[in-house]
Amino acid sequence: MAKSARRGPYFCGIDAAMDVVSGKWKVLILWELEAHGTRRFAELRRGLPGVTEKMLTQHLREMEQDELVHREVYREVPPKVEYSLTEHGESLNRALTDLGIWGNERIRRIGAEKVHVAAS
């Protein structure tokens, strides 16, 4: 597997962390996999309303290169592919927990609407 081109140089640890979670959907993909465990592509797409197939594919490839996500391909017809968090992805999710708490407090403080996605 090709290694990610994102290898610095970095100004600080936050810079390095933001490099692997940049983009709207990566953190949400991490959240979806943490909340629901192993998911197929279509399940991820349903759990992330608004993400395009192209963007989800691109982010999953980058996250696989960054060793955040494991992609398991089953040799069957039709082809079956599942995505799950790696240990590295789980550790990033733990690091993002406080940011999620801060975000929930912000939603409450500004009275913003919170989108609820039906479980699948």
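As a reminder, the structure under discussion sits directly above these lines.
What counts and how
Residues numbered from 1 in each chain as written. Predicted model: local features only at pLDDT ≥ 70, side-chain atom pairs only at ≥ 80, totals over all residues. Heavy atoms only, no water. Helix = DSSP H or I, 4+ residues; strand = E, 2+ residues; numbered from the N terminus. Buried < 20%, exposed > 50% of the residue type's maximum accessible area, 1.4 Å probe, protein only. Expected span 1.5 Å × (residues − 1). Arc of directions from axis to C-beta.

### Brief notes about the environment of Leu33
Thought 1: Relative to the helices and strands, Leu33 is located in helix α2 (residues 24–36).
Thought 2: Note on Leu33: relative accessible area 3%, which makes it buried.
Thought 3: Along the sequence, Leu33 and Leu85 sit 52 residues apart, while their C-alpha atoms lie 6.4 Å from each other.

### Focus: α2
Thought 1: Compared with the 18 Å implied by 1.5 Å per residue over 13 residues, the 19 Å span of α2 between its first and last C-alpha is a close match.
Thought 2: Inspection of α2 places Trp25, Lys26, Ile29, Leu30, Glu32 and Leu33 among the buried residues, and these make up the whole buried set. Down the axis of α2, the smallest arc covering the buried residues is 165 degrees, so these residues share one side.
Thought 3: Phi for Gly37, located one or two positions after α2, is positive at around 75 degrees.

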